[in-house]
Amino acid sequence: MAGLYDDGFVERLRQGVLSLRDQWGLGADCDIRLLTLSENATFLATDPARAAPIVLRVHRPAYHSRAEIESELAWINALRDSGAVDTPEPLLAANGSHIASFQDGDETRHVVAFSFMPGKEPEAGESLAAGFEILGAISARLHGQSRTWQRPEGFTRKTWNFQSAFGPDPLWGDWRAALGLTPEQEAVLERLCGVLERKLAAYGETPDRFGLVHADLRLANLLEDGDRLGVIDFDDCGLSWYVYDFAAAISFLETEPYIPALQEAWVRGYRSVAPLDDAHVAMIPTFILFRRLLLTAWIASHAETATAAEAGHAAYTLGTVALAEAYLAEHDA
């Protein structure tokens with residue numbers, strides 16, 4: 001990969017992970033190789049002396065504080081204890097915490113480890129409906145645990161609302177920097193922004209609809225293994241609207257014709273576990289556009305990543321504009 005994520009950069013991170021292998025009881029002959037590279041770098045560590053590999057995640061700097069990472073792992077452990085979701089176990093390091101660190105030049109890189117979970121990413125397509133019914137049920141259990149869980153002292157995670165997404169200091173950058181955006185298209189998205197702000201303000205952030213959510217249940221963060229659907233990567237978990245979890249689940253698929261079928265399946269699965277009022281379901285199209293505009297900003301500010309390249313920078317922008325026009329025709333009449 002070019003730029004920031006070139007081979008030299010990846011090797012520096014790999015060497016940093018190697019320097020920490022004692023923290024998780026890995027031997028000198030363990031093999032560490034890159035699994036994925038996006039916001040963070042994820043490595044698979046295979047040790048001949050261990051029955052299963054472990055997954056090591058290297059956090060990018062200047063995004064999550066150490067307290068935020070600890071809070072994420074605390075919630076994962078609570079979810080595992082409750083049985084609400086099937087997700088890998090965060091592994092304690094020899095230093096007594098879940099986090100070890102190494103220096104990469106002037107930057108401190110935090111590293112966490114997880115048990116290995118077998119499975120594969122579900123394939124996009126109409127056949128996803130059955131899996132989305134399962135995902136809806138998982139989401140309902142996850143949200144149920146979130147509503148009742150007593151968060152530990154010092155718990156802190158980011159908030160995903162209109163202000164944090166599109167305010168003066170947006171978490172994922174400014175969608176106006178999207179590649180190929182013309183003045184006319186920018187005007188459409190500005191209008192969308194205004195409608196989103198009004199609708200989200202009217203919907204509100206009361207506890208029945210807003211709380212701790214995964215916030216990134218897209219296909220890349222699901223592991224299918226027979227009848228089991230595992231959930232990974234809580235790196236973006238934070239405070240947001242509960243039904244936003246559906247919008248995040250269809251990330252990069254928003255223009256596909258089978259999305260209504262996935263929504264219907266997700267709602268059906270959710271309601272098999274917990275109530276979901278029609279008023280919340282009616283907001284799902286708004287959250288789909290919220291997420292799509294947020295991802296448009298992310299692609300603009302993370303153009304060097306493989307995920308952004310696969311989405312197609314200019315093509316994704318065009319798709320966002322088309323979705324916005326269709327949404328505005330229905331919701332801003």
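Cut-offs applied
Residues numbered from 1 in each chain as written. Predicted model: local features only at pLDDT ≥ 70, side-chain atom pairs only at ≥ 80, totals over all residues. Heavy atoms only, no water. Helix = DSSP H or I, 4+ residues; strand = E, 2+ residues; numbered from the N terminus. Rg over C-alpha atoms; globule rule 2.2 N^0.38 Å. Buried < 20%, exposed > 50% of the residue type's maximum accessible area, 1.4 Å probe, protein only. Contact = heavy atoms within 4.5 Å. Areas by Shrake-Rupley, 256 points an atom, 1.4 Å probe, with all protein chains shown as cover. Lys, Arg positive; Asp, Glu negative; His and termini not counted. Charge placed at Lys NZ, Arg CZ, Asp CG, Glu CD. Polar contact = N/O pair within 3.5 Å; in protein donor to acceptor, adjacent residues only side chain to side chain.

Draft legend 1. Region of the structure containing the overall build of the protein. In terms of regular secondary structure, the protein is built from 11 helices and 10 strands. By the compact-globule yardstick of 20 Å for 333 residues, the protein fits well, its C-alpha radius of gyration being 20 Å. Expressed as lengths along the three principal axes of its C-alpha atoms, the size of the protein is roughly 65 × 45 × 40 Å. By the burial criterion, 54% of the 333 residues in the protein qualify as buried. Residue pairs in contact within the protein that sit at least 24 positions apart in sequence constitute 73% of those at least 6 positions apart. When the accessible area of the protein is evaluated, it comes to approximately 14300 Å², of which 52% is carbon and sulfur surface. Within the protein, one finds 27 positive and 48 negative side-chain charges whose respective centroids are separated by 3 Å.

Draft legend 2. View of unusual backbone geometry. Positive phi is not limited to glycine here, since A62 has a value of about 60 degrees. Residue placement: A62 occurs in the loop between β3 (54–58) and α2 (66–82). Even without glycine at this site, D233 takes up a positive phi of about 60 degrees. Counting through the fold element by element, D233 comes out in the loop between β9 (228–231) and β10 (238–241). The class for D233 is partly exposed, based on a relative accessible area of 30%.

Draft legend 3. Structural view of the side chain of N40. Structurally, N40 can be placed in the loop between β1 (31–37) and β2 (41–46). On the basis of relative accessible area, N40 is assigned to the buried category, the value being 9%. Looking at N40, its side chain comes within polar contact range of the main-chain nitrogen of R60, at 3.1 Å. One polar contact links N40 to D235, side chain to side chain, over a distance of 3.0 Å. If we ignore the near neighbours within four places in the chain, the residues touching N40 are R57, V58, H59, R60 and D235.

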